[in-house]
Amino acid sequence: MSEKKEIPKIQRVVAVLWPSFLTSGVAMILFYWIFSPGEVFPELVASGVSNMAFYSVTFLFLWLTTLTSCLLSYYFLRPCSRWND
Amino acid sequence: MSDNDNTPVKPEQDSLYAKREEIYPREVHGIFASWRIAMVFLTLGLYYILPWINWGEGRQALLFDLPNRKFNIFMMTLWPQDLIYLSVLLIIAALGLFLFTSVGGRLWCGFSCPQTVWTEVFMWMERKIEGSRPQRIKLAKSPWNLTKVIKKGGKHLVWIIFSLWTGFTFVGYFTPIRDLAAAIPSWDLGPWETFWIFFYAFATYGNAGWLREQVCIYMCPYARFQGVMFDDNTLIISYDEIRGNPRGARKRGKEKPAGKGDCIDCSLCVQACPTGIDIRDGLQYQCIACAACIDACDDVMDKMGYDPGLIRYTTHNEVVGKGRHIFRPRIIIYSVILTGLIIAMLWSLATRIPVSLDIMRDRNILYREAPNGDLENVFSLKILNQDKKAHNFVISLEGLPSAVLDPDQPEIHVNSGEIVNTLVRVRASEDAIKNRSTSISLRITATDDKKMTDEEDTRFIAPADWFQK
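Here is what the cut-offs are and how they apply
- Residues numbered from 1 in each chain as written.
- Chains lettered and ligands numbered in written order.
- Predicted model: local features only at pLDDT ≥ 70, side-chain atom pairs only at ≥ 80, totals over all residues.
- Heavy atoms only, no water.
- Helix = DSSP H or I, 4+ residues; strand = E, 2+ residues; numbered from the N terminus.
- Buried < 20%, exposed > 50% of the residue type's maximum accessible area, 1.4 Å probe, protein only.
- Contact = heavy atoms within 4.5 Å.
- Areas by Shrake-Rupley, 256 points an atom, 1.4 Å probe, with all protein chains shown as cover.
- Core = buried A, V, L, I, M, F, W, Y, C linked by side-chain atoms within 4.5 Å.
- Domains from an automatic or database assignment.
- Buried area = accessible area lost by both parts, 1.4 Å probe.
- Pairing = 2+ DSSP bridges.
- Axes fitted to C-alpha atoms, helices over the stretch in contact; angles between N-to-C directions.
- Salt bridge = Lys/Arg side-chain N within 4 Å of Asp/Glu carboxyl O.
- Polar contact = N/O pair within 3.5 Å; in protein donor to acceptor, adjacent residues only side chain to side chain.
- Nonpolar A, V, L, I, M, F, W, Y, C, P; charged D, E, K, R; others polar.
- Phe/Tyr/Trp six-rings, centres within 6.5 Å; stacked < 30°, edge-to-face > 60°.
- Lys NZ or Arg CZ within 6 Å of the ring centre and 35° of its normal.
- pLDDT = per-residue confidence, 0-100.
- Expected span 1.5 Å × (residues − 1).

Asker: What is the right way to look at the overall build of chain A in this model?
Answerer: Counting its regular elements, chain A contains 5 helices and 0 strands. Written out in order from the N terminus, the α and β elements of chain A read α-α-α-α-α. For chain A, the proportion of its 85 residues judged to be buried stands at 26%. The contacts in chain A between residues at least 6 apart in sequence include a share of 68% that link residues at least 24 apart. When the accessible surface of chain A is totalled, it reaches about 5,800 Å², and 72% of it is carbon and sulfur.

Asker: Any chance you could explain the nonpolar core here in plain terms?
Answerer: One recurring pattern in soluble globular proteins: nonpolar side chains tend to sit buried together. All names here are of chain B. Within the largest apolar cluster, 27 residues are counted, with the highest numbers of intra-cluster contacts made by Leu381, Ile383, Phe393, Ile395, Val426, Leu442 and Phe460. At the level of secondary structure, the elements contributing two or more residues to this core comprise β6 (355-361), β8 (375-385), β9 (391-398), β11 (412-414), β12 (418-428) and β13 (437-446). Ranked by size, the runner-up nonpolar core spans 23 residues in total, among them Val300, Tyr306, Leu310 and Tyr313.

Asker: Can you walk me through the domain arrangement of chain B in this structure?
Answerer: Quoted interface sizes are often the accessible area lost when the parts come together. Residue and element names in this part refer to chain B. Domain annotation for chain B reports domain 1 (19-352) and domain 2 (355-468). Taking only C-alpha atoms into account, the centre of domain 1 sits 53 Å from that of domain 2. Taken residue by residue, the interface counts 5 residues in domain 1 and 6 residues in domain 2. Buried area between domain 1 and domain 2, both sides added, is near 450 Å², and the carbon and sulfur share of it is 52%. Among the residues of domain 1 in contact with domain 2, Met75, Trp79 and Gln81 are the three that bury the most area, contributing 86% of the side total.

Asker: Looking at this structure, how should I read the sheet that holds β13 of chain B?
Answerer: In any sheet, the strands associate via hydrogen bonds between backbone groups, in a parallel or an antiparallel arrangement. Residues and elements named next belong to chain B. Judged by pairing direction, the sheet is antiparallel, and its 4 strands sit side by side in the order β11-β9-β13-β14 without closing on themselves. The open sheet has two edge strands with one neighbour each: β11 and β14 (453-461). Neighbour to neighbour, the strand axes of the sheet diverge by 30° on average, direction disregarded. In terms of strand pairing, β13 meets β14 through 9 bridges, oriented antiparallel. Opposite Thr438, over in β14, you have Phe460 as the bridge partner.

Asker: It is not clear to me how the interface of chain B and chain A should be interpreted in this structure. Could you clarify?
Answerer: Counting residues at the interface gives 24 residues for chain B, matched by 29 residues for chain A. Counting each side, the surface lost to burial between chain B and chain A is near 2,400 Å², with a carbon and sulfur contribution of 69%. The tally of links from chain B across to chain A stands at 0 salt bridges. Taken together, chain B and chain A are joined by 5 residue pairs in polar contact (both at pLDDT 80 or more). Of all the secondary structure elements, the ones that give two or more residues to the side of chain B that touches chain A are α9 (191-211) and α10 (213-219) of chain B. Top contributing element to the side of chain B that touches chain A by residue count: α9 of chain B, with 6 residues. Grouping the constituent residues of the side of chain B that touches chain A by class yields 15 nonpolar, 4 polar and 5 charged.

Asker: Is there a simple way to think about the environment of Asp295 of chain B in this case?
Answerer: Residues and elements named next belong to chain B. With respect to the element layout, Asp295 can be found in helix α15 (residues 292-304). Judged by relative accessible area, Asp295 falls into the buried class, the value being 3%. Distance in space between the C-alpha atoms of Asp295 and Leu268 is 9.8 Å, their sequence separation being 27 residues. Ignoring sequence-local partners within four residues, the contact set of Asp295 consists of Val28, His29, Gly30, Ile31, Phe32 and Ala33.

Asker: Whenever I open this one, the packing of aromatic side chains confuses me. Can you help?
Answerer: Aromatic rings considered in pairs are described by the distance between their centres and by the relative angle of their planes. Under the counting rule described, the total for this entry stands at 36 aromatic pairs over all chains. With a centroid separation of 5.3 Å and an interplanar angle of 70°, the aromatic rings of Tyr75 of chain A and Phe76 of chain A are classed as edge-to-face. Tyr75 of chain A gets classed as partly exposed once you look at its relative accessible area, which sits at 47%. Centroid distance Phe98 of chain B to Tyr334 of chain B: 6.1 Å. Interplanar angle 45°. Geometry classified as tilted. You can see Phe98 of chain B sitting in helix α3 (residues 83-104) and its partner Tyr334 of chain B sitting in helix α17 (residues 329-350), a full 236 residues away along the chain. With relative accessibility at 26%, the residue Phe98 of chain B sits in the partly exposed group. Geometry around Trp144 of chain B places Lys148 of chain B over its ring, the cationic atom sitting 4.6 Å from the centre.

Asker: Honestly, the confidence of the model for chain B in this entry has me stumped. Any pointers?
Answerer: As a general rule, the predicted coordinates of low-pLDDT regions are not to be interpreted in detail. Residue and element names in this part refer to chain B. Per-residue confidence for chain B averages 88 on the pLDDT scale, and 95% of its residues sit at or above 70. Mean pLDDT across the elements of chain B ranges from a minimum in helix α1 (residues 11-14), with 44, to a maximum in helix α7 (residues 146-171), with 96. Counting contacts from residues 1-18, a segment whose pLDDT is below 50, to residues more than four positions away or on other chains yields 22 contacts. Scored as a whole, the predicted complex attains pTM 0.83, and scored at its interfaces, ipTM 0.87.

Asker: Just checking my understanding: could you explain helix α5 (residues 114-130) of chain B for this structure?
Answerer: Given 3.6 residues to a turn, an α-helix orients residues that are three or four positions apart in the same direction. Residue and element names in this part refer to chain B. Taking 1.5 Å per residue, 17 residues should reach 24 Å; α5 reaches 23 Å between its end C-alpha atoms and fits that length. Burial of α5 is extensive: 13 of the 17 residues sit out of reach of the surface. Phi for Gly131, located one or two positions after α5, is positive at around 95°.

Asker: What is the right way to read the pattern of salt bridges from this model?
Answerer: Any two side chains of opposite charge can pair if their charged atoms end up close together. Residues and elements named next belong to chain B. Tallied over the entire structure, the rule returns 22 salt bridges over all chains. A salt bridge links Glu27 to Arg127; its shortest N-O distance comes to 3.5 Å. In this pair, Glu27 is assigned in the loop between α1 and α2 (31-49) and Arg127 in helix α5, connecting sequence segments 100 residues apart. In this structure, Arg36 and Glu120 form a salt bridge, with 3.3 Å as the shortest nitrogen-oxygen distance. Taken as a pair, Arg36 in helix α2 and Glu120 in helix α5 lie far apart in primary sequence, 84 residues in all. Because the salt bridges share partners, they merge into one network encompassing Glu126, Glu130, Arg136, Lys152, Lys155 and Arg212.

Asker: Any chance you could explain the sheet that holds strand β3 (residues 76-78) of chain B here in plain terms?
Answerer: All names here are of chain B. Strand order in the open sheet formed by 3 strands is β1-β2-β3, and the pairing between neighbours is antiparallel. In this open sheet, the two edge strands, each paired with only one partner strand, are β1 (62-65) and β3. On average, adjacent strands in this sheet sit at an angle of 15° to one another, irrespective of strand direction. Relative to β3, strand β2 (residues 70-73) runs antiparallel, the two being bridged by 3 bridges. Across the sheet, the residue bridging to Ile73 is Met76, located in β3.

Asker: Please clarify how the side chain of Asp240 of chain B should be interpreted in this entry.
Answerer: All names here are of chain B. Position of Asp240 relative to the elements: it lies in the loop between β4 (236-239) and α13 (241-244). Here Asp240 falls in the buried class, since its relative accessible area comes to 11%. Beyond its immediate sequence surroundings of up to four residues, Asp240 is in contact with Leu310 and Arg312.

Right, here's the structure in full:
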């Protein structure tokens, strides 16, 4: 790749949003493959929170986590020289 | 793809950070366009219709019933324990994709990828509302007036309605779609159903309406590694340079100008391309192999009275005169592995014993003393009956001689599709226990069918201080 080529903005956005979305989806499936919400949060299940809510909140929480990780990767990938020259 | 050779870098690639050039694909007609439309009807037809089909009384044929943790797949019901089948299915799909790709190039991308088929539908709506490519370009350049507002607004409205229907259908694969439909008029949907309908609708609208080819270029991992799946015998869409060059405009019906090739440089292949590339520059990672350029070019060749196929599906070897080889080692290896996996999976599904046992220990109390002085371990058993009828199960114990099950242990009745939790006490006398932790296994067997059986290993734990002397 030539040095001059800039990475388009859409690629930057996608590189943060998309891998985090995919990995959190996989992580959620693996997690709930092993545990059912009733095993992990028996009190909440007993109080009537639906499984759909567990899956959704878990997914969104995992996405937030992986998103943070992707954002940090993106942050650390920025050239160091810009700040340390 | 090839950054190290001497091909000149196109100016628009140098300024990628600039705003994306809007692409207005020209509508094409021809054999490949017909195939693509047929595939849109087939794939999206299946997508929108399948959740409405029932298999058995009131049982949705395809339902990934997350709340109840079971998947209906036509006559089968899979449980979380069967995730292995899903994994094997994904491996089969991936291998199938590799096989298809090495033979036929990115056929998946051009004809059956959801991104392509939904974009196709969105572009059709766009054409119906905003008109042909020149009309759309003119509309985009024109200042905002009532017509533009109506056309643009109308297009987005239609897109949004279609997206919402798509989102609704998507959620219908996870929540019974008839209940969902019944809840729509009174807007009685659960909060998360509502959220996912809008989420998926937004994704459809954004991906098929706005992002389009950028999804293929920036989000699709497949496009990035197409190079390793292609070889010189892979069918790709190629411009026949030998025949086409040097290019040049000319009048229809006149003799071909001396020294010119068949390409009249009309640029229709570029205008038809949904990803905005020029196929005459050779194989590019942006090419989704939709073959719109082939249709466009064949049409022109026909009008000029030239043979079709200046742009065509062909292999590198064929272009350089080495002929076509379909059966090559890579294809045979993929096919053998794929066939093996499919047979293994079908065999495993056919011989699957529809009962499963899970054992969990009580983590707080590892052991306790029974009234008669024996040592006792308590296990929590989860019995899942995936069979179509109810069964009574008896529990048996292996691995620790002289250990016994609680004699009061009754038979356990489990209805079809039900999970029953039960506690099991295992007792052993002190002198029978030789180790702090002994491997034992518990087995359940249906009283009416000895083949309905499953076994799981666990450990019998004794106090640590017994063995520290």
